[in-house]
Amino acid sequence: MASLPTRAQVCEALFQRWQPVYETETIPVQAALGRVLTRDQYARATIPVARASAMDGVAVCSARFQQSTPDAGSWKLGVDFCRADTGDDFDDRFDPVLPIEQVKISAEGQLTISENIAVRSGDNVRPRGSTIRVGELVAMRHRQLRPFDLACLAMGGIAQVEVYRAPRMAFLPTGSELVPLGAPVGRGQNIDNNSLLAQAMLTEMGAEPLCYPIVPDQSDALAAALEQALQAADVVLLNGGSSKGAEDFNTRMLEARGAVLFHWVAAAPGKPMCVAVIQNKPIINLLGPPLAVLYGMDWCVRAIVHRLLHKPLPRRQSIRRILTQPIHAPSDMEILCMMDVQPTQDGYLVKQKPWRRLSLIHI
């Protein structure tokens, strides 16, 4: 077991063997949240189209303020001044905007201006194109679009964007002991909760999950399900049947096709995981326990999805504290441990949770 490949070695070998096929699609900006751009996006509109007021106020002619603050008692709205709210265009006869706090407008439209204010041409006026101009870079290629990115694209007049197509990821739960969620659970049976876990994680990663019905431990059924998934998906995830049990057919099926790159990795839980490539499509055989699925999905499947989407892997938050008790594990294994992390006056109290207890609510 000392020679088992590490997580990094598995991913490196897979990415050398597998040649990803990057497909794209053009979609409306309104539907592009979380998607990844395939090319730089440049503004197609200039905003503001003309000069605009930078605040709520009134637009006036600066020439009338050269000597002192004029008496505006006889000024007429629309002739000598006009209203100019934030973002509004206004008549070209006027050049600065007086803040609304420095003026009063009566119900009859009579204007009163505060005394001794400095007024210069262009005050409180946003020039044409001060927000964005045609040809300016709005978003760079390989950017994963966030809500404000969508607003910026729309501001630049960009209505559609080309993005990488969400990779289709088939998930096949296998095992004659499994029953779907909501069905009665008899002796020797387990609920298929891993499909829900995989579907949620794949969606969060930006992939399109294709969750298949439970496949029994029968060689012909497993082979047929694998062929169906290979036709529909970019990546196939088998769940179960990867160890040395009498009914662990999945890895044997992959080995028979000469497609296996690795079987067993130096990562637990999920050490008997199998990684293969068929028809230039990664096949990942995850173990049955939910924690093994979580771990394999996180370090292996996430790397595949992010490569297909040109997304960097996320940086994880970390803390450094002393454990309340030692963790007994082989030194040559990368171990996922579920921990209780409780804040204290001195930082954090960190305690390992039992392997078989999956009450994750307090983590």
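Attention here is on the structure that accompanies the text. (Residues numbered from 1 in each chain as written. Predicted model: local features only at pLDDT ≥ 70, side-chain atom pairs only at ≥ 80, totals over all residues. Heavy atoms only, no water.)

Points about the overall build of the protein
Next, step 1: Secondary structure assignment for the protein yields 6 helices and 23 strands.
Next, step 2: Taken against the 2.2 N^0.38 rule, which gives 21 Å for 363 residues, the C-alpha radius of gyration of the protein at 32 Å runs more than 25% over that of a compact globule.
Next, step 3: Along the first, second and third principal axes, the C-alpha atoms of the protein reach 100 × 55 × 45 Å.
Next, step 4: Per-residue burial over the protein gives 42% buried out of 363 residues. (Helix = DSSP H or I, 4+ residues; strand = E, 2+ residues; numbered from the N terminus. Rg over C-alpha atoms; globule rule 2.2 N^0.38 Å. Buried < 20%, exposed > 50% of the residue type's maximum accessible area, 1.4 Å probe, protein only.)

Concerning a negative patch on the surface
Next, step 1: A surface patch of negative charge is lined by Asp 56, Asp 88, Asp 89 and Glu 101.
Next, step 2: Mapped onto the elements, Asp 88 comes out in the loop between β5 (82-84) and β6 (97-99). (Patch = residues over 30% accessible without salt bridge, like charges linked within 9 Å, V, L, I, M, F, W, Y side chains within 5 Å. Areas by Shrake-Rupley, 256 points an atom, 1.4 Å probe, with all protein chains shown as cover. Salt bridge = Lys/Arg side-chain N within 4 Å of Asp/Glu carboxyl O. Lys, Arg positive; Asp, Glu negative; His and termini not counted. Charge placed at Lys NZ, Arg CZ, Asp CG, Glu CD.)

Topic: the pattern of salt bridges
Next, step 1: Inspection of every chain in the model, using the stated rule, returns 16 salt bridges.
Next, step 2: Two residues, Arg 93 and Asp 91, come together in a salt bridge whose shortest N-O distance is 3.2 Å.

A few points about the side chain of Gln 352
Next, step 1: Tracing the backbone shows Gln 352 in strand β23 (residues 347-352).
Next, step 2: Excluding residues that lie within four positions of it along the chain, Gln 352 makes contacts with Gln 325, Pro 326, Ile 327, Cys 337, Met 338 and Met 339. (Contact = heavy atoms within 4.5 Å.)

Observations regarding the nonpolar core
Most often, soluble globular proteins have nonpolar side chains that are buried together.
Next, step 1: Leu 202, Met 273, Met 297, Trp 299 and Ile 304 are the most contacted members of the largest nonpolar core, which totals 37 residues.
Next, step 2: Elements with a contribution of two residues or more to this core: α1 (7-17), β12 (168-173), α3 (194-205), β16 (235-239), β19 (274-278), β20 (281-286) and α6 (290-309).
Next, step 3: The next biggest cluster of nonpolar side chains, apart from the first, holds 19 residues, and it includes Ala 170, Ala 229, Ile 278 and Ile 283. (Core = buried A, V, L, I, M, F, W, Y, C linked by side-chain atoms within 4.5 Å.)

A few points about the packing of α3 against α6
Each pair of packed helices can be described by the angle between their axes along with the distance between the axes.
Next, step 1: At a minimum axis distance of 10 Å, the contact between α3 and α6 shows a crossing angle of 30 degrees. Here α3 is positioned roughly parallel relative to α6, judged by the angle of their axes. For the pair α3 and α6, the crossing hand works out as right-handed. Touching Asn 194, Leu 197, Ala 198, Met 201, Leu 202, Glu 204 and Met 205 of α3 are Pro 290, Val 293, Leu 294, Met 297, Asp 298, Val 301, Arg 302, Val 305, His 306 and Leu 309, all from α6.
Next, step 2: Across the contact of α3 with α6, the residue classes tally to 12 nonpolar, 2 polar and 3 charged. (Axes fitted to C-alpha atoms, helices over the stretch in contact; angles between N-to-C directions. Parallel < 35°, antiparallel > 145°, perpendicular 65-115°, else oblique. Left-handed = near helix turned anticlockwise from the far one by under 90°. Nonpolar A, V, L, I, M, F, W, Y, C, P; charged D, E, K, R; others polar.)

Some thoughts on the packing of aromatic side chains
Next, step 1: Applying the stated criterion across every chain, the model contains 3 aromatic pairs.
Next, step 2: Ring centres of Phe 15 and Trp 18 lie 6.0 Å apart, and the angle between their planes is 45 degrees; this geometry places the pair in the tilted category. Residues Phe 15 and Trp 18 agree in their burial class; the two are buried.
Next, step 3: Here Tyr 22 and Tyr 164 contribute two aromatic rings whose centre-to-centre distance is 6.2 Å and whose plane-to-plane angle is 65 degrees, an arrangement assigned as edge-to-face. Within this pair, whereas Tyr 22 is found in the loop between α1 and β1 (24-28), its partner Tyr 164 is found in strand β11 (residues 160-164), the two being separated by 142 residues in sequence. (Phe/Tyr/Trp six-rings, centres within 6.5 Å; stacked < 30°, edge-to-face > 60°.)

Let's talk about helix α4 (residues 219-232)
Next, step 1: For α4, built from 14 residues, the straight-helix expectation of 20 Å at 1.5 Å per residue is met to within 8% by its first-to-last C-alpha distance of 20 Å.
Next, step 2: Those residues of α4 lying buried are Leu 222, Ala 225, Leu 226, Ala 229 and Leu 230. The arc that holds the buried residues of α4, viewed along the axis, is 135 degrees, so those residues lie on one side. Structural note: α4 exposes Asp 220 and Gln 231 on the side pointing more than 90 degrees away from its buried face.
Next, step 3: Against the buried residues of α4 lie β12, β16, α5 (250-256), β19 and β20. (Expected span 1.5 Å × (residues − 1). Arc of directions from axis to C-beta.)

Considering a nonpolar patch on the surface
Next, step 1: A contiguous nonpolar patch, built from Leu 181, Val 185, Ile 191 and Leu 196 and spanning about 400 Å² of accessible area, is present on the exposed surface.
Next, step 2: Inspection of the secondary structure puts Leu 196 in helix α3.

Side note on the sheet that holds strand β4 (residues 57-59)
Next, step 1: Pairing within the open sheet is antiparallel, and its 3 strands lie in the order β5-β4-β6. The outermost strands of the open sheet, each flanked by one partner alone, are β5 and β6. Neighbouring strand axes in the sheet, compared pairwise and without regard to direction, differ in orientation by 35 degrees on average.
Next, step 2: Here 3 bridges tie β4 to β5, and the two strands are oriented antiparallel to one another. Directly across from Val 58, in β5, lies its bridge partner Arg 83. (Pairing = 2+ DSSP bridges.)

All we've got here are geometric facts, nothing functional implied.
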